[in-house]
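Listed here are the chains, written in short residue letters.
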Amino acid sequence: MKIELVELRRIAMPLRRPFRTSFGTQTRRDILLVRVVTDVGEGWGECVALADPVYSSEYVEGAQQVLRDYLAPQALAAPLASARRLADRVSAVMGHRMAKAALETALLDAELRAASMSLATYLGGVRDRVDCGVSVGIAPSVPELLDEVRGYVEEGYLRIKLKVEPGWDIEPVAAVRAEFGDDLLLQVDANTAYTTTDLRRLARFDEFDLLLIEQPFAEEDLESHRVLSETIRTPVCLDESVVSAASAADAIRRGACSVVNIKAGRVGGYLEAARVHDVCSALGVPVWCGGMLETGLGRAANVALASLPGFTLPGDTSGSARFYVEDITEPFVLEDGQLAVPQGPGLGVTPRTDVLDELTTSREELTAR
Ligand code: OSB
Ligand code: MG
């Protein structure tokens, strides 16, 4: 595959409502899209980096710079036998997994379109529909939280994930459990907001029969997650800490988690994400597909990933309408709590150029020097 052009396009997507987590409030999404033009056709990828380095060290401007100055030039320098070879080509660049993932996804999309194969088939998907959950931000008050959750339950979401932080944890969880009953699949995500001094507070979550507690402690702090796992009955799940298949295996072997949230961007792409899935399956650990407020492009790829056999828990694979009034691709619409896995070649969705052009804030085209 000869790569002729790499386009870096930034779009501004208004969010339907502010999304508050322990690391901050998102009111709009500033998204970097990567388009490649190759001798076999074009492909698209979405970079999941947020505007600021608050979820992980990556951020959108940094991702764009690394793509412009390092990753794209290396990809453009010589033909690639396949998208699978990109990781090797750019291995001298440390980290920047979200930037690498976006370029790899665009190349995979181009390659699979040319081969008339869907990403789900390519990755080893076994389902044509996936179970969907929804991630619910920190609300201004408990009554407002209950209203928001009620809306999602009525839409058919199969599980609810509440964002928590010290001061917004036991009370909202208790209120949601009391309002919606014991059958509601419920879990929490702390995005690293706690420390080991909070062990006893975290143990109170046991009362609410949660599916899991996601990433209470810092990314590097596997030991505290291990101690918590030994202390509470609620399964501990890692998100931020898992940056590769090797780190997933390490965390599991150390007893730091018994469930893993897989986000392709966080681990460097869908190929590594499939390897995280494989290693978790081999170690008997269930996984689910996380999200980063993706547009239809990233959502399509996430749903494909979630069709792999080890994804046995509902993912943060919501419908497009969870975050956006208008998506840049054909929208993903929930049906009986599920999304259909795209069957078309590559990502199986196409950006609508009219919508895209209206949302575009900048664009640069890179070619071989
Ligand atoms: O921790 O899972 C997270 C969004 C941005 C950054 C981190 C996280 C999230 C979410 C939203 O929880 C998941 C989604 O896209 O639906
Ligand atoms: Mg998370």
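Here, the structure is the one placed above.
A quick note: this is a predicted structure, and the numbers were derived from the prediction, not measured.

Remark: helix α9 (residues 245-253) packs on helix α11 (residues 270-282), axes separated minimally by 8 Å, with the N-to-C direction vectors making an angle of 25°. When the interaxial angle is binned, α9 and α11 end up roughly parallel. Judged by the sense of rotation from one axis to the other, the crossing of α9 with α11 is right-handed. Contact with α9, carried on its side by Ala245, Ala248, Ala249 and Ile252, involves Glu272, Arg275, Val276, Val279 and Cys280 of α11 and no other residues of that element. When its residues are assigned to classes, the contact of α9 with α11 shows 7 nonpolar, no polar and 2 charged.

This paragraph deals with the coordination of the magnesium ion (ligand 2). Taken together, the protein ligands of the magnesium ion (ligand 2) are Asp189 (OD), Glu214 (OE) and Asp239 (OD), with distances of 2.1 to 2.3 Å. Mapped onto the polypeptide sequence, the residues donating to the magnesium ion (ligand 2) form the spacing pattern D-x24-E-x24-D. Residue Asp189 is located in strand β7 (residues 185-189), and its partner Asp239 is located in the loop between β9 (236-238) and α9; the two are separated by 50 residues in the primary sequence. Its relative accessible area of 0% is what places Asp239 among the buried residues.

Within a regular strand, the side chains alternate between the two sheet faces. Burial analysis of strand β6 (residues 159-163) places 5 of its 5 residues in the buried class, the great majority of the element. Residues of β6 alternate between two faces, with Arg159, Lys161 and Lys163 on one and Ile160 and Leu162 on the opposite face, all of them buried. The pairing of strand β5 (residues 133-136) with β6 spans 4 bridges and is classified as parallel. Within the sheet, the bridge partner assigned to Val136 lies in β6 and is Leu162. Handedness of the crossover joining β5 and β6 through helix α5 (residues 142-155): right-handed. Assessed by its sense of winding, the connection that carries the chain from β6 through helix α6 (residues 170-180) to β7 is right-handed.

Let us now look at the sheet that holds strand β2 (residues 24-38). The strands making up a sheet are joined through hydrogen bonds of the backbone, oriented either antiparallel or parallel. A sheet is described by the order of its strands in space; here 4 strands give the open sequence β3-β2-β1-β13, paired in antiparallel fashion. For this open sheet the edge positions go to β3 (41-47) and β13 (360-366), each flanked by a neighbour on one side alone. Across the sheet, the mean angle from the axis of one strand to that of its neighbour is 20°, orientation sign disregarded. Inspection of the sheet shows strand β1 (residues 3-21) paired to β2 by 14 bridges, in the antiparallel sense. Its bridge partner being in β2, Val6 is matched across the sheet by Val36. Of the strands in this sheet, β1, β2 and β3 touch helix α3 (residues 97-114), which is tilted by about 150° from β3.

What counts as what
Residues numbered from 1 in each chain as written. Chains lettered and ligands numbered in written order. Predicted model: local features only at pLDDT ≥ 70, side-chain atom pairs only at ≥ 80, totals over all residues. Heavy atoms only, no water. Axes fitted to C-alpha atoms, helices over the stretch in contact; angles between N-to-C directions. Helix = DSSP H or I, 4+ residues; strand = E, 2+ residues; numbered from the N terminus. Parallel < 35°, antiparallel > 145°, perpendicular 65-115°, else oblique. Left-handed = near helix turned anticlockwise from the far one by under 90°. Contact = heavy atoms within 4.5 Å. Nonpolar A, V, L, I, M, F, W, Y, C, P; charged D, E, K, R; others polar. Donors = N, O, S within 2.8 Å, 3.2 Å for Na, K, Ca; no water. Buried < 20%, exposed > 50% of the residue type's maximum accessible area, 1.4 Å probe, protein only. Pairing = 2+ DSSP bridges. Right-handed = clockwise from strand over helix to strand, strands pointing away.

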